[in-house]
Amino acid sequence: MTSFSIHGVGVSSGIAIGHAHLVSNALLEVVHYQLPKHLLEDEVLRFSNAIATVKHDLEQINNNLRKNAPAEISAFIGTHLMMLADKSLSEIPKDIIRNEQCNAEWAIKLQMDDIVEQFEQIEDEYLRERKQDVIQVVERVIKVLLGHPSQLSTEQQSNALHEERKLILVAHDISPADAIQFKQHQFAAFITDVGGVTSHTAILARSLNIPSIVALQRARDLINDGELIIVDGGLGVVIVSPSKEILAEYKLRQEQWELEQQKLQRIKSTKAVTMDGTNIELFANIEVPEDIAAVKASGATGVGLYRTEFLFMNRREMPDEEEQFIAYKTVAEAMKGAVVIIRTLDLGADKQMNPDTIVTCANPALGLRAIRYCLSEPLIFHTQLRALLRASHFGNIKILVPMLSTLSELRQTKLFLERAKASLRKQDIPFNENIALGGMIEIPAAAINAEAFAKELDFLSIGTNDLIQYTLAIDRADDTVAHLYNPLHPSVLKLIAMTIKAGDKLGISVSVCGEMAGDSKLTKLLIGMGLRQLSMHPSHILSVKQQILHSQLSELNGNARKVLAQTDLEKIEPLVAKFNLI
Ligand code: PEP
Ligand code: MG
């Protein structure tokens, strides 16, 4: 197998070496075509052969399973073998081929749809979910029929099954709703054909602290299931079937990278203070309460952004007040009095409740998203605010409102908050009467008018991911324009500077909680511009802290002024790089 490399956009650094695990969309590739009568028996034979190949593969995996392999793996393969042996999958598609004069892929897909529909009628949830096994088995058969069977040797397959850590997920695209589920898996890396640097999927990759690359264009087509690949998240390069020499070189680099990470651990308990004594607050961004373990391990002094929408994903029903209350309270209590900034629901655009939700409007990022959505769904908003207020009794919770663009949205939000407070008072349920309310500055209109917002809020948090998207008119999730997405664009920097100035004038704190905060190449610029609070994924805290410990604020202020005075992006980049050397 010859080695080759594919270039994309690295969204989470680090090096992973492992076997490709293709998230198949074989089912999507199935086309329907008619066959002349005289070819039907050949098609039936092709189908029988595919079934036999899959059966053989599964048996081989089962035989090669190590003695100490978890029992579930063997049971799971056994279930697949049983399904494959069942007439409904191994025989009925033959009749369909003959009766409908269609291709084998189409026949088994039709039969699968029928079986899945029957499973969906089952009341018992566990049994109902077995439909996934049917889908997986059929996927295997279709892959063989389409001519791209798994390339894993049977030994590799059994190894990979219980050494999940060494698997690299290769997908055309991964929705945020899918990615959040990876938190329960242990993939070594993930790579996708499409996606932008600050898409929510990329953000989740960073929160998983595993290397990942997006915008690889055709990785899923070029890489075979089970192939050995190297993912260099820092450089945005995937090396497929590396030679012995390249593999050895990368193993060395991987060790060096891990050593660097370990070295950073030394400053975990050190305060983030510049050389001239200014303290910078380093907070963590989280998506689910389980992330608190990583927050603690990172040395972050608070939670600067809890994206609550992930609690609402991959489910049919919205979480009720009690479920939300428990999630928020869990985080507040775990942080033991440290600040926990919880953002109200930011659903919409690329964050849909389910991966298969069809977005019907033309510009979902400009549509009914975040606070706009909440204000149009009074019950959902009221429920969340009550849950947040109740949880505020158990820790240092502050509320953050996303996507504000007008003061009237803010005032309506305050009315909702007052209503939620009144309802709790009526029931004698305790909450923090003086709970702080902050607003996200992530729409240019809000940044330009930041002073007006600062007058009516307790703190501001700059969401640079969206601020860049909306300022530069670049869809943050679209890889075709990813090269134009630049946090150093002079207009973006000016909007950040305006927001900082407004906060200073009104004496309220301003932080950055977008991905810019976690990019250690930008730390000196951001604190030079006057920021004293940054919130990022826990995995970035130490590299950002290291920059702060090596900073002279007096110098950085002057440097930042020079950067802000520059109107040409091409000159800003080298200027920032030069100042980082100091
Ligand atoms: C942002 O837009 O920068 C932000 C922090 O919010 P999100 O990434 O969740 O949209
Ligand atoms: Mg945002």
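Residues numbered from 1 in each chain as written. Chains lettered and ligands numbered in written order. Predicted model: local features only at pLDDT ≥ 70, side-chain atom pairs only at ≥ 80, totals over all residues. Heavy atoms only, no water.

J.: Help me understand the overall build of the chain, please; the structure alone is not making it clear to me.
T.: Each helix and strand counted, the chain has 26 helices and 16 strands in total. Out of the 582 residues belonging to the chain, those deemed buried represent 53%. Excluding contacts between residues fewer than 6 apart, the proportion of contacts in the chain whose partners are at least 24 apart in sequence is 70%. (Helix = DSSP H or I, 4+ residues; strand = E, 2+ residues; numbered from the N terminus. Buried < 20%, exposed > 50% of the residue type's maximum accessible area, 1.4 Å probe, protein only. Contact = heavy atoms within 4.5 Å.)

J.: Which parts of the structure should I look at to understand the coordination of the magnesium ion (ligand 2)?
T.: The expected angle between donors at a tetrahedral four-coordinate metal is 109.5 degrees. At an octahedral six-coordinate metal it is 90 or 180 degrees. The coordination sphere of the magnesium ion (ligand 2), as far as protein atoms go, consists of Glu-442 (OE) and Asp-466 (OD), spread over 2.0 to 2.1 Å. Of this pair, Glu-442 sits in the loop between strand S13 (437-441) and helix H19 (444-448) while Asp-466 sits in helix H21 (residues 464-472), and the two are 24 residues apart along the sequence. (Donors = N, O, S within 2.8 Å, 3.2 Å for Na, K, Ca; no water.)

J.: Could you clarify how one ought to interpret the site of ligand 1 in this entry?
T.: Taken together, 17 residues are adjacent to ligand 1, and Arg-307, Arg-343, Gly-463, Asn-465 and Arg-476 come closest. Contact distances for ligand 1 include 3.4 Å between an oxygen atom and a side-chain N or O atom of Arg-369. Relative to its free-state accessible area of 290 Å², ligand 1 is covered by the protein chains to the extent of 100%. Every element with two or more residues in the shell around ligand 1 is listed here: helix H11 (200-208), strand S10 (303-307) and H21. It is H21 that contributes the most residues to the shell around ligand 1, three residues altogether. When its residues are assigned to classes, the shell around ligand 1 shows four nonpolar, five polar and eight charged. (Near = heavy atom within 4 Å. Polar contact = N/O pair within 3.5 Å; in protein donor to acceptor, adjacent residues only side chain to side chain. Areas by Shrake-Rupley, 256 points an atom, 1.4 Å probe, with all protein chains shown as cover. Nonpolar A, V, L, I, M, F, W, Y, C, P; charged D, E, K, R; others polar.)

J.: Could you clarify how one ought to interpret the packing of aromatic side chains in this entry?
T.: What characterises a pair of aromatic rings is the spacing of the ring centres plus the angle enclosed by the ring planes. On inspection of all chains with the given rule, the structure shows three aromatic pairs. On the basis of an interplanar angle of 55° and a centroid distance of 5.1 Å, the ring pair of Phe-381 and Phe-416 is categorised as tilted. Within this pair, whereas Phe-381 is found in helix H17 (residues 378-392), its partner Phe-416 is found in helix H18 (residues 407-426), the two being separated by 35 residues in sequence. Above the plane of the ring of Phe-394 lies Lys-329, whose end atom (NZ or CZ) is 4.9 Å from the centre. (Phe/Tyr/Trp six-rings, centres within 6.5 Å; stacked < 30°, edge-to-face > 60°. Lys NZ or Arg CZ within 6 Å of the ring centre and 35° of its normal.)

J.: Before we go on, may I ask you to explain helix H22 (residues 490-506) in this structure?
T.: For an α-helix, 3.6 residues make a turn, and residues three or four places apart therefore share a direction. The end-to-end C-alpha distance of H22 is 25 Å, a good match for the 24 Å that 17 residues give at a rise of 1.5 Å each. Buried within H22 we find Pro-490, Val-492, Leu-493, Leu-495, Ile-496, Thr-499, Ile-500, Ala-502 and Gly-503. The first or second residue beyond H22 is Gly-507, which carries a positive phi of 70°. (Expected span 1.5 Å × (residues − 1).)

J.: Is there a simple way to explain the pattern of salt bridges in this structure?
T.: Note that side chains of opposite charge can pair when their charged atoms are close. The tally for this structure, following the rule as stated, stands at 26 salt bridges. For Arg-369, the salt bridge identified is with Asp-346, shortest N-O distance 3.1 Å. You can see Arg-369 sitting in the loop between strand S11 (339-343) and helix H16 (370-376) and its partner Asp-346 sitting in the loop between S11 and H16, a full 23 residues away along the chain. Of the two residues examined, Arg-369 and Asp-346, each falls in the buried class. With its nearest N and O atoms 3.4 Å apart, the salt bridge here joins Asp-519 to Lys-521. Through salt bridges with shared partners, a single network forms among Glu-309, Arg-343, Asp-346, Arg-369, Asp-466 and Arg-476. (Salt bridge = Lys/Arg side-chain N within 4 Å of Asp/Glu carboxyl O.)

J.: What's the story with the confidence of the model for the chain in this structure? I'm lost.
T.: Close inspection of predicted coordinates is inappropriate in any region flagged by low pLDDT. Taken as a whole, the chain shows an average pLDDT of 88; of its residues, 90% reach a score of 70 or greater. Taken as a whole, residues 151-165 scores under 50 in pLDDT and shows 40 contacts with residues more than four places along the chain or in a different chain. (pLDDT = per-residue confidence, 0-100.)

J.: Looking at this structure, how should I read the sheet that holds strand S7 (residues 228-232)?
T.: Two orientations exist for strands paired in a sheet by backbone hydrogen bonds: parallel and antiparallel. With mixed pairing, eight strands are arranged side by side in an open sheet as S1-S8-S7-S3-S4-S5-S6-S2. Bordering the open sheet on either side are strand S1 (4-7) and strand S2 (9-12), each of which pairs with just one other strand. Adjacent strand axes in the sheet meet at a mean angle of 30°, parallel and antiparallel pairs treated alike. Bridge count between S1 and strand S8 (residues 237-240): four bridges; the pairing is antiparallel. (Pairing = 2+ DSSP bridges. Axes fitted to C-alpha atoms, helices over the stretch in contact; angles between N-to-C directions.)

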